[in-house]
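Reading the structure
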Amino acid sequence: MASKSASAGKEKLIDGEEEVLQAVILADSFNKRFRPLTTQKPRCLLPICNAPLLDWTFESLALAGVQEVFVICRSHAELVKEAIKESKWSKPGSGMKIVPIMTAKETFSPGDAMRDIYTRGLVTSDFVLVMGDLVSNIRIDEVVRVHKERRKTNNNAIMTMVVKETGARHRTRPRGESSVFVLDPETSECLHYEHVQGYPRTKVVNIPREILEAHPEVDIRNDLLDCSIDVCSVEVPSLFQDNFDYLDIRRDFVHGILTSDILLKNIYCYIAEEGYAARVQDTHSYDSISKDILSRWTFPLVPDDNHPGGHIYEHTRGNRYIAKDNTVVLARTCNIGTNTLIGSSTKVSENVTLIASVIGQNCTIGASSTINNSYVFEDTVIGANCTVEKSIIGAGVQIKDGSHVQKGSLIADGVIIGPNARLEPFERLSTRRKEADIESDDDDDSDVDEVEANQDSVDKTTLGPDTNAIVWPRGPPDEEDDEEGPENYRNQRFMRLGDNASDLDVSDEDEDSSSEEETSTEDEDDFHDRESLSELSDVSIHVPAISGMMADDEFRTEVTQSLERAFAEGHSVDNAAVELKTLRMASNVPLTRVKEAVVTAIVEKITLVDGDAATQRKEISSVIGRWGELINKIGGVDPVETVSILQAHCAASPRMPLFGQILAALYQEDIVEEDDIRLWHALPDSKGQDRKEGVETENFQKCWMIGSHMIQQFDAQESETESEESSEEEAEPPRKTGAPSVNPKSKDTEGIDGGESESPSEGVSASETSSTHPSTNTSEDEDDSEATDE
């Protein structure tokens, strides 16, 4: 803004350096939550959605207009420097100057790094402080503006922390540690801060009496997600230098500043109402943030646009992303599920099933293998008939034929297992370090030395005859050897992929907790955490409890009333969706509950017509055509889940005979596709397995048989189409075919509801030849570019 007076002009000249927005990235994690994936590379260089975490952090800062970045690193500093040198940020015209700084070997905490920043005199004005595992699209420049405006009237305002409202069960909310903020509701000043730990469970937060006496009104918030984005004044590093007890930025520095009677400094919170920000702090959050990226919550930082790794992906319906350079080879019979990303030069063989997973570049997946909710890094080969469940597989790994990797496993770079390996849940494998790596490594690797030294006593028969792996400890450490604070073994269980730690939720901190073999096997589905964890609402803060999740019955009643108004008053689908989204945010319930309520309301709106099949079909077509789109408008697109919810409701409803016709109508309206029906049909739950005997279970099985009949007709139509194409040299492009016997627009439906058809093969066809990705992954529409919810 142009100056309006001579004095303003002089002030601008004096403060000219403030025009250069600086940022400091602490590249080290200062913990070992990703071991052994980080024994040979730092966490900030691990890929998430096929781009290094550090590149996601750079992109986040670039969105805010940061011009100068200092990357503070100790562990594997040379790898970090080389990655920055080879990245686009070192090229002319990148818009940011990035300076890697190798800090002292004695740097073992964020506090040590901040003291090193002070010693070097790196920052010259207010700066942005983040960690090297940040994924964010929040406009930090607005936070900087607010911070600087506040500094003009309050020189003691040394820090502004970015936080964001979130529900207690939000999947990106940290499970093992979180925060309680006491705020002034008028100024957003943080009056008090307390760290909240999962185990031993933090039960009481003590708020100083002085705060309540000085502030007649305060907000006590445990619903704020700490984004770990701070705007700091230039004096913050000096405060670390003055107190060597400040190790952690939140638990020590923020808590210490706010409880000091001497410093009299102020720290504020900026509650971001828009945007996304989260840290990849552990393997659980790695999974959650990966799914948020695939669900487009991080837009414009998404795989098909502004991908930090510079890759180009094609985005199709169901949030499927396939590298767009025509190097991906997908077999005709492979199944590519929703929320899946496949990197370039990757080959997926026959009858492979990929479900909510990320596959890196130059990978090979052997025939009849299944990758479920897992993450496979570049140059990895997975053999035939393998299964990988909820695990992270490093770069250059070989998993040979017939191997099974169970949930929570971490396999580091270069490991070979199999053939016919059988990994236990939460297995951790790596390879022995070479002598040159040991001599050049500057990290504290005493635990790696110990693991390598104790391999003679480890039974490796389950890893297969060709393995080169070393096995990391499987059980809890001895009590005297366990870490303290958030890094203790039981608390770490809240932070690892695939572990819901439900046994810890009911155990007292003095009781012996069961090992991971006794961990509940409740599924944590690909999108919706069903965590029964120690909720922060259990923390006693001596004020009225913060409202939590609305009861299911109450919420379902609210949704029903909202939809009844929409039906009666003829609202548009968009307006009805907005009202439901607002209700969901106010009620703090998972998206699945909303979808269940919407599907129920739509099905129950269909009038039953006795003895007139044609009129019944017309009624179904009318309701689904008018309101079916609402299912995908409420925040998430998961057609397989939609079919499962429809099955569950019809099985318990008088409208059970309409299941096949409703499913056909959803198909005709492009709400579900052929692949979605096949994937639903292949789910064990769709068959009614492991359910108690009864009418509802019988109805589940009838629905599954109806699905079998539809799939048989899909197969017959495909065969007929192929036959016609082979007999005509110039066949017209085939139109979309429905399921004839349940198609409300065509033939009669007699026989479809009886469930008497034989079950066809459970394989799911991608219906596309190799060289390019399947076109039947569904076409895009405008709604697919919207961010989907949890």
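Residues numbered from 1 in each chain as written. Predicted model: local features only at pLDDT ≥ 70, side-chain atom pairs only at ≥ 80, totals over all residues. Heavy atoms only, no water.

You'll find the protein entered in an unreviewed UniProt entry as Translation initiation factor eIF2B subunit epsilon, with Gymnopilus junonius given as the organism. A UniProt comment under Sequence similarities (unreviewed entry) is attached to the protein, and it reads "Belongs to the eIF-2B gamma/epsilon subunits family." Checking UniProt for the protein, the heading Subcellular location (unreviewed entry) contains the comment "Cytoplasm, Cytosol". (UniProt positions renumbered as here; feature names shortened; annotations may be inferred.)

1. Let's talk about the sheet that holds strand 16 (residues 320–323)
A sheet is described by the order of its strands in space; here nine strands give the open sequence 15-16-19-22-25-28-31-33-34, paired in mixed fashion. Both outer strands of the open sheet, strand 15 (313–316) and strand 34 (470–471), are each paired with one neighbouring strand and no more. When strand 25 (residues 375–376) meets strand 28 (residues 392–393), the two strands line up parallel, connected through two bridges. Considered in strand 28, the bridge of Tyr375 is made with Ile392. (Pairing = 2+ DSSP bridges. Helix = DSSP H or I, 4+ residues; strand = E, 2+ residues; numbered from the N terminus.)

2. Observations concerning the sheet that holds strand 30 (residues 404–405)
Spatial strand order, 18-21-24-27-30: five strands in an open sheet with parallel pairing. Edge positions in the open sheet fall to strand 18 (335–336) and strand 30, since each of these has one partner strand only. Both strand 27 (residues 387–389) and strand 30 contribute to a ladder of two bridges, which runs parallel. What sits directly across from Val388, in strand 30, is Val405.

3. Notes on the pattern of salt bridges
Using the criterion set out here, one finds 36 salt bridges in the structure. The residue Glu177 makes a salt bridge to Arg33 at a minimum N-O spacing of 2.9 Å. Taken together, the residues Glu177 in strand 9 (residues 177–183) and Arg33 in the loop between strand 1 (22–26) and strand 2 (47–48) connect sequence positions 144 residues apart. Accessibility classification places Glu177 together with Arg33 in one group, the buried group. Between Arg251 and Glu177 there is a salt bridge whose closest N-O contact spans 3.5 Å. A residue pair is termed long-range when its members are at least 10 positions apart, and Arg251 in helix 8 (residues 249–259) and Glu177 in strand 9 qualify at 74 residues. The class of Arg251 is partly exposed, set by a relative accessible area of 31%. Residues joined in a network through salt bridges with shared partners are Arg33, Glu177, Asp248, Arg251 and Glu487. (Salt bridge = Lys/Arg side-chain N within 4 Å of Asp/Glu carboxyl O. Buried < 20%, exposed > 50% of the residue type's maximum accessible area, 1.4 Å probe, protein only.)

4. Here's the deal with unusual backbone geometry
Most of the time, phi is negative for any residue but glycine, and the peptide bond is trans. Cis geometry is found at the peptide bond from Tyr199 to Pro200, where omega equals -10°. With respect to the element layout, Pro200 can be found in the loop between strand 10 (189–197) and helix 6 (209–214). Across the junction of Gly418 and Pro419, the peptide omega takes the value -5°, indicating a cis bond. Mapped onto the fold, Pro419 is located in the loop between strand 32 (416–417) and strand 33 (428–430). Backbone geometry places Ser368, a non-glycine residue, at a positive phi of 65°. Notably, Phe426 is not glycine yet its phi reads approximately 65°, a positive angle.

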